[in-house]
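Structural description and commentary
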Amino acid sequence: MHRITVGDYTIEALTDGLCRIPIPFFPGLDPVEHPEVLDPDGTVHVPIGAFLVRGQGRTILVDTGFGPRETGFPHGVTPATGDPAPPMGEGGDLLAALAKAGTAPEDVDTVFVTHLHSDHVGWLAPEGTPAFARARVVHGAADWHPMVERLGHDDWSRVGLEAVRTAGSIEAIHGEAVPLAPGVTARHAPGHTPGHYVLDVEADDERLILLGDVIHAPVQLRDDRIHFIADHDPTEVARTRQRWLDEAERTSAVIAPAHFPGLEFLRLGPGRTPVAV
């Protein structure tokens with residue numbers, strides 16, 4: 001488990017599970033040019049990440065993974081090799097990861113969801129009952145209509161989000177910068193989804209930016225031709241990615257995307273080479 005401190009805050013990377021992403025899900029990615037991205041089964045393995053932020057009397061969970069379920073490959077997409085072939089995505093490990101970090105669901109006072117895709121909201125209410133009963137759930141308001149209302153009423157991610165809303169514990173945020181705790185600010189970073197936010201933690205001249213899905217794979221650090229199939233607006237997400245990577249370089253901030261291998265905390269070296277902290 002990777003851990004970093006920023007002032008009085010301790011931030012730990014948590015894993016809910018694994019996704020095996022087929023190459024067609026990364027438009028612009030040439031596996032001949034970038035063979036390092038492929039796992040032996042021919043897919044791109046990415047962790048389903050979350051982060052735990054503790055300090056100043058606060059316990060903030062950033063994203064909640066895919067939840068206790070798995071999903072198969074879409075029709076027409078060749079699955080990963082294996083007999084039987086594994087699922088494309090499988091979650092369920094987050095609560096165990098929290099327990100290993102010494103945190104129970106009832107300890108969490110805020111769940112900050114970077115955006116409302118299914119691999120970030122899975123543990124909000126996996127059985128229709130909020131898993132973090134004492135927490136307010138914070139998300140970007142601009143995501144609800146395009147990301148949730150387009151789903152069927154029986155879609156499990158919508159069921160979970162509606163359960164949290166019915167419980168009265170959800171808070172939809174607007175604006176460029178929304179304070180969540182002393183030194184902890186949600187900052188609008190649209191493109192992957194309209195209401196995507198990153199979490200900016202600053203204290204004692206130190207800075208950490210939890211990037212969510214602004215960037216999906218290390219190969220995108222130096223190849224801006226590569227997008228992700230779920231990007232709502234590829235042009236906007238490219239601008240957003242450039243903005244936050246430029247800012248991380250300029251301020252020497254540590255970054256942590258939600259799906260980079262190993263969920264390491266990184267600084268950007270020369271030529272945007274990622275360097276583990």
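Residues numbered from 1 in each chain as written. Predicted model: local features only at pLDDT ≥ 70, side-chain atom pairs only at ≥ 80, totals over all residues. Heavy atoms only, no water.

**Quick look at the nonpolar core**
Counting residues in hydrophobic clusters, the biggest one holds 27 residues, and the most contacted among them are Ile 11, Phe 51, Phe 112, Leu 199, Leu 208, Leu 210 and Phe 265. With 4 residues, the single largest contributor to this core is strand 12 (residues 197-203). (Core = buried A, V, L, I, M, F, W, Y, C linked by side-chain atoms within 4.5 Å. Buried < 20%, exposed > 50% of the residue type's maximum accessible area, 1.4 Å probe, protein only. Helix = DSSP H or I, 4+ residues; strand = E, 2+ residues; numbered from the N terminus.)

**Side note on a negative patch on the surface**
Residues Asp 8, Asp 204, Asp 205 and Glu 206 make up a contiguous surface patch of negative charge. Here Glu 206 is to be found in strand 13 (residues 206-212). Classification of Glu 206 as partly exposed rests on a relative accessible area of 36%. (Patch = residues over 30% accessible without salt bridge, like charges linked within 9 Å, V, L, I, M, F, W, Y side chains within 5 Å. Areas by Shrake-Rupley, 256 points an atom, 1.4 Å probe, with all protein chains shown as cover. Salt bridge = Lys/Arg side-chain N within 4 Å of Asp/Glu carboxyl O. Lys, Arg positive; Asp, Glu negative; His and termini not counted. Charge placed at Lys NZ, Arg CZ, Asp CG, Glu CD.)

**Quick notes on unusual backbone geometry**
The phi dihedral of Asp 63 falls on the positive side, at around 75°, and the residue is not glycine. Checked against the element boundaries, Asp 63 lands in the loop between strand 4 (58-62) and strand 5 (70-71). A positive phi angle, near 65°, is found at Asp 205, a position not held by glycine. If you trace the backbone, Asp 205 turns up in the loop between strand 12 and strand 13.

**Here's the deal with the packing of aromatic side chains**
By the definition in use, this model includes 3 aromatic pairs. Residues Phe 51 and Phe 265 carry aromatic rings whose centres are separated by 5.9 Å and whose planes lie at 55° to one another, so their mutual orientation is tilted. In this pair, Phe 51 is assigned in strand 3 (residues 44-55) and Phe 265 in the loop between strand 14 (254-257) and strand 15 (266-268), connecting sequence segments 214 residues apart. Summarising the aromatic geometry, the rings of Phe 66 and Trp 156 are spaced 5.3 Å apart at their centres and angled 90° between planes, so their arrangement reads as edge-to-face. (Phe/Tyr/Trp six-rings, centres within 6.5 Å; stacked < 30°, edge-to-face > 60°.)

**Some remarks on the pattern of salt bridges**
Side-chain pairs of opposite charge can arise where the charged atoms are in close proximity. Across all of its chains, the model carries 16 salt bridges by this definition. Note that Glu 162 is salt-bridged to Arg 158, the shortest N-O span being 3.3 Å. Residue Glu 162 and its partner Arg 158 are located together in helix 4 (residues 156-166), separated by 4 residues, close to a single helical turn. According to the relative accessible area criterion, Glu 162 is partly exposed, its value standing at 21%. Residue classification places Arg 158 among the buried positions, given a relative accessible area of 8%. As a salt-bridge pair, Asp 223 and Arg 225 come within 2.7 Å of each other at their nearest N and O atoms. Exposure remark for Asp 223: the relative accessible area of 6% places this residue in the buried category. Through salt bridges with shared partners, a single network forms among Arg 187, Asp 200, Glu 202, Arg 207 and Glu 247.

**Some thoughts on helix 4**
Regarding helix 4, the residues found buried are Ser 157, Arg 158, Gly 160, Leu 161, Ala 163 and Val 164. Buried-residue contacts for helix 4 involve helix 2 (118-121), strand 8 (136-140), helix 3 (144-149) and strand 9 (170-173). With its phi angle positive at about 80°, Gly 168 sits one or two positions after the end of helix 4. (Contact = heavy atoms within 4.5 Å.)

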